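# Topology and contacts: notes
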Amino acid sequence: VVLNAAQAAAVIAVTVLKKTKIYLEWGRGTGKSFILAWFMKMMVKQMPGASFALVGSTYQQILSRTLPSTKKGLAALGIYENYDYVVGRDGAKDGFKEPIYAPDKWENIIHFSNGAIFQLVGLDNPNSGRGLNSFGVLGDEAALLDPERLFTNVKTTNRAKEARFENASLLGAEIYASSTPITKRGRWFTDQEEIAKKRPQKYAFIK
């Protein structure tokens, strides 16, 4: 796998500089979907059995735009659907390990063979994401996310801890990718650049 300069900068920010709040303002064709798949693979690999959130502005957006690109990225990394993970069902019958926090329903779950799960959280549903004990968050098309619902439904759930994961570089990480916002709705995303300048030990804003 060969990363371009933007993707390499994002990887270095996490793996070398140990930053946990990553914001990627990238133009089309830069490889946002692939890098989100890369981080998804690393989260799953570092924290078997852990629960994570994959966030989009709407559930339909995740299904129609984010998930297909994520699957393609995972395949490029050697992670295949119906072998390494299943979508929308419990993989127990395939011999998959159980997650630490098993969901009540599996319709919006990506279940990996080592027990790690990603819950698909669409912010168009005000209750989506609530009750999740998350070890990390990935967000696609972040400029379209409602910041208040993101905080209430997702950020506040990113608090799960396990002693076995204390050395995982992606524990508690939040990684959001987006093209440049063209409306005021996305201002919360670009505002993170100033926060990153003030708190460089924790934040990275890469554009």
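For the structure itself, consult the block above.
In what follows, the accompanying structure is described. Since we're looking at a predicted model, the values are computed, not measured. Numbers given to residues run from 1 along each chain, matching the order in which its sequence is written. pLDDT decides what is reported in this predicted model: residues at 70 or higher carry local features, side-chain atom pairs at 80 or more are listed and counted, and totals for whole chains, interfaces and linings draw on all residues regardless. The side-chain figures draw on all heavy atoms in the structure; neither hydrogens nor water molecules are used.

### Some words on the pairing of strand 7 (residues 173-178)
- Buried residues dominate strand 7, accounting for six of its six residues.
- Throughout this description, buried means an accessible area under 20% of the type-specific maximum (1.4 Å probe, protein chains only), exposed means over 50%, and partly exposed covers the range between. Per the convention used, a helix needs a DSSP run of H or I reaching at least four residues, while a strand needs a run of E reaching at least two, with both numbered from the N terminus. Burial along strand 7 is two-sided: Ala173, Ile175 and Ala177 facing one way and Glu174, Tyr176 and Ser178 facing the other are all buried.
- If DSSP finds at least two bridges between two strands, the strands pair. With five bridges connecting them, strand 1 (residues 21-25) and strand 7 associate as parallel partners. In the sheet register, isoleucine 22 faces strand 7, and the bridge partner there is isoleucine 175.
- Where strand 6 (residues 136-139) meets strand 7, four bridges bridge the pair, whose relative direction is parallel. Bridge assignment links glycine 139 to a residue of strand 7, and that residue is tyrosine 176.
- Assessed by its sense of winding, the connection that carries the chain from strand 6 through helix 4 (residues 147-153) to strand 7 is right-handed. Seen with its strands pointing away from the viewer, a crossover is right-handed if its path from the first strand over the helix to the second goes clockwise.

### A look at the side chain of serine 134
- Topologically, serine 134 is positioned in the loop between strand 5 (117-122) and strand 6.
- Taking the relative accessible area as the measure of exposure, serine 134 reaches 0% and is therefore buried.
- Within the local environment of serine 134, its side chain forms a polar contact with the backbone oxygen of glycine 136, the two atoms lying 2.7 Å apart.
- Excluding its chain neighbours within four sequence positions, the residues that come into contact with serine 134 are Ser51, Phe52, Ala53, Thr157, Asn158, Arg159 and Ala160. Any N or O atom pair separated by 3.5 Å or less is treated as a polar contact, with the protein-specific requirement of one donor-capable and one acceptor-capable atom, and with residues adjacent in sequence counted only for side-chain atom pairs. By definition in these notes, contact holds between two residues if any of their heavy atoms fall within 4.5 Å.

### Let's talk about the packing of aromatic side chains
- Aromatic contacts are taken between Phe, Tyr and Trp rings whose centres are within 6.5 Å, Trp giving its six-membered ring; a plane angle under 30 degrees counts as stacked, one over 60 as edge-to-face, and the others as tilted. Within this structure, the stated rule accounts for 13 aromatic pairs.
- Here tryptophan 38 and phenylalanine 39 contribute two aromatic rings whose centre-to-centre distance is 5.2 Å and whose plane-to-plane angle is 85°, an arrangement assigned as edge-to-face.
- Its relative accessible area of 14% is what places tryptophan 38 among the buried residues.

### Quick notes on the packing of helix 1 (residues 5-15) against helix 2 (residues 32-46)
- Between N-to-C directions, angles cover 0 to 180 degrees, with each direction set by a line fitted to C-alpha atoms, over the stretch in contact for helices. It is at 10 Å that the axes of helix 1 and helix 2 come closest, and there the two elements cross at 25°. Taken as axis vectors, helix 1 and helix 2 run roughly parallel relative to one another. Remark: the crossing between helix 1 and helix 2 carries right-handed chirality. The residues of helix 2 that touch helix 1, namely those facing Gln7, Ala10, Val11, Val14 and Thr15, are Phe34, Ile35, Trp38 and Phe39.
- Under this grouping Gly is polar, as are all residues other than the nonpolar Ala, Val, Leu, Ile, Met, Phe, Trp, Tyr, Cys and Pro and the charged Asp, Glu, Lys and Arg. Across the contact of helix 1 with helix 2, the residue classes break down as seven nonpolar, two polar and no charged. Roughly parallel refers to an angle under 35 degrees, roughly antiparallel to one over 145, roughly perpendicular to one between 65 and 115, and oblique to any angle outside these ranges. Handedness of a crossing is defined here by the sense of rotation of the near helix relative to the far one, left-handed for an anticlockwise turn of less than a right angle and right-handed for a clockwise turn.

### Considering the layout of surface pockets
- Estimates place the volume of the second largest pocket at around 170 Å³.
- Taken together, the residues of the lining of the second largest pocket sort by class into four nonpolar, four polar and three charged. Two kinds of site are reported from a 1 Å grid over the protein atoms alone, namely cavities, where a 1.4 Å probe fits but cannot get out, and pockets, open sets with protein on both sides within 12 Å along at least five of seven lines, and residues are called lining when an atom falls within 4 Å of a point. Grid points are joined across faces, edges and corners, and a volume is the space filled by probe spheres set on the points.

### Focus on the pattern of salt bridges
- For salt bridges, the criterion is a side-chain nitrogen of Lys or Arg within 4 Å of an Asp or Glu carboxyl oxygen. Here the structure, examined in full by the defined rule, presents eight salt bridges.
- With its nearest N and O atoms 2.6 Å apart, the salt bridge here joins lysine 155 to glutamate 174. You can see lysine 155 sitting in the loop between helix 4 and strand 7 and its partner glutamate 174 sitting in strand 7, a full 19 residues away along the chain.
- Under the relative-accessibility criterion, glutamate 174 is labelled buried at 4%.
- Linking arginine 164 and glutamate 162 is a salt bridge whose minimum nitrogen-to-oxygen distance equals 3.4 Å.
- A relative accessible area of 56% means that arginine 164 is categorised as exposed.
- In this structure, a network of salt bridges that share partners links the residues Lys21, Lys155 and Glu174.

### Considerations on the sheet that holds strand 8 (residues 203-206)
- Reading across the sheet, the eight strands line up as 3-4-5-2-6-7-1-8 and stay open at both edges, with mixed pairing between neighbours. Only two strands of the sheet have a single partner each, and these edge strands are strand 3 (85-87) and strand 8. Going across the sheet, the axis of each strand differs from the next one's by a mean of 15°, ignoring polarity.
- The pairing of strand 4 (residues 109-112) with strand 5 spans three bridges and is classified as antiparallel. Paired with isoleucine 110 across the strands is phenylalanine 118, a residue of strand 5.

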